[in-house]
Amino acid sequence: MKLSQLNIVLVEPQIPQNTGNISRTCAVTGARLPLVEPLGFTVTDKHLKRAGLDYWDKLDVTVYDCLDDFFEKNPDAVGNMYMATTKAKHKYSDVSFSKDAYIMFGKESAGIPEEILVEYEHTAIRIPMNQDIRSLNLSNSVAIILYEALRQNDFFSMQTEGNLHRLHWNEE
């Protein structure tokens, strides 16, 4: 079941466990997961699969040869792309995410190449953090920004209430 139309784009991810965790977050939210090669692992990597648990059949994932291939096959991304980077001037919480936004994240060691970032100065976004720390873990960064985009879109049709397994909530 497709819960959202949001897209988490990973450019040259290197660590299979991070991508596995991100894939699990995308599966549980219904977000698409475009992966742009080169990848630092194969999509059959056991660490990738283990971190993603048993949600692979519920994940909308596509691997693209390069950024040009991604943009050619996703022309609607061009005017609807946010670049998540520590180099941005704007906070992620200061933008309004559309229901079909694309949010790009770069590889763990270097982020999104600056040659790409300069084209998206006004939609480059950052997560505030202490100045002496380089960055957050990639999968944590994806979760923070994705859930802000979901919140802004009233969580689409996601389940927003839960129930106890053995007991019941007190009725008020």
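Before any of the text, the structure's been laid out above.
Residues numbered from 1 in each chain as written. Predicted model: local features only at pLDDT ≥ 70, side-chain atom pairs only at ≥ 80, totals over all residues. Heavy atoms only, no water.

> Could you give me a rundown of helix α1 (residues 16-29), with the residues and numbers involved?
Counted at 1.5 Å a residue, the expected span for α1 with its 14 residues is 20 Å, and the 20 Å between its end C-alpha atoms agrees. Most of α1 is tucked away: 10 of the 14 residues are buried. When we look at burial in α1, the residues that qualify are Pro16, Asn18, Thr19, Gly20, Ile22, Ser23, Thr25, Cys26, Ala27 and Thr29. (Helix = DSSP H or I, 4+ residues; strand = E, 2+ residues; numbered from the N terminus. Expected span 1.5 Å × (residues − 1). Buried < 20%, exposed > 50% of the residue type's maximum accessible area, 1.4 Å probe, protein only.)

> Break down the nonpolar core for me, citing the residues and quoting the values.
Core analysis: the biggest nonpolar cluster contains 30 residues, and Ile8, Leu10, Ile22, Leu33, Phe97, Phe105 and Ile145 have the highest contact counts within it. Those elements that provide at least two residues to this core are β1 (7-11), α1, β2 (33-36), β4 (81-84), β6 (102-105) and α5 (138-152). Considering every element that reaches this core, the biggest residue donor is α5, with six residues. The next biggest cluster of nonpolar side chains, apart from the first, holds 18 residues, and it includes Val36, Phe70, Phe71 and Ala88. (Core = buried A, V, L, I, M, F, W, Y, C linked by side-chain atoms within 4.5 Å.)

> A description of the sheet that holds β6 should follow, citing residues and the corresponding values.
Strand pairing in a sheet relies on backbone hydrogen bonds, with the paired strands running either antiparallel or parallel. Taken in spatial order, the seven strands of this open sheet run β3-β2-β1-β6-β4-β7-β5, and their pairing is parallel. The open sheet has two edge strands, β3 (61-64) and β5 (90-91), and neither has a second partner. One ladder, built from four bridges, connects β4 with β6; its direction is parallel. Note on β6: the bridge partner recorded for Tyr82 is Ile103. Of the strands in this sheet, β1, β4, β6 and β7 (124-126) are in contact with α5, which crosses β6 at around 165 degrees. (Pairing = 2+ DSSP bridges. Contact = heavy atoms within 4.5 Å. Axes fitted to C-alpha atoms, helices over the stretch in contact; angles between N-to-C directions.)

> Any chance you could break down the pairing of β4 for me, citing the residues and the numbers?
Working note: regular strand, side chains alternate between the two faces of the sheet. The two faces of β4 match: Met81 and Met83 on one face and Tyr82 and Ala84 on the other face are all buried. Across two bridges, β4 lies against β7 in parallel orientation. By the bridge assignment, Ala84 is partnered in β7 with Ile125.

> Give a detailed account of the pattern of salt bridges, specifying residues and quantitative values.
Per the counting criterion, the structure on display carries seven salt bridges. With a closest N to O distance of 3.3 Å, Glu12 and Lys107 form a salt bridge. Pair noted here: Glu12 is in the loop between β1 and α1 and Lys107 is in the loop between β6 and α4 (114-117), with a separation of 95 residues, a long-range link. Given a relative accessible area of 25%, Lys107 falls into the partly exposed group. For Lys58, the salt bridge goes to Asp57, with nearest N and O atoms at 3.5 Å. Summarising the burial analysis for this pair, Lys58 and Asp57 share the class exposed. (Salt bridge = Lys/Arg side-chain N within 4 Å of Asp/Glu carboxyl O.)

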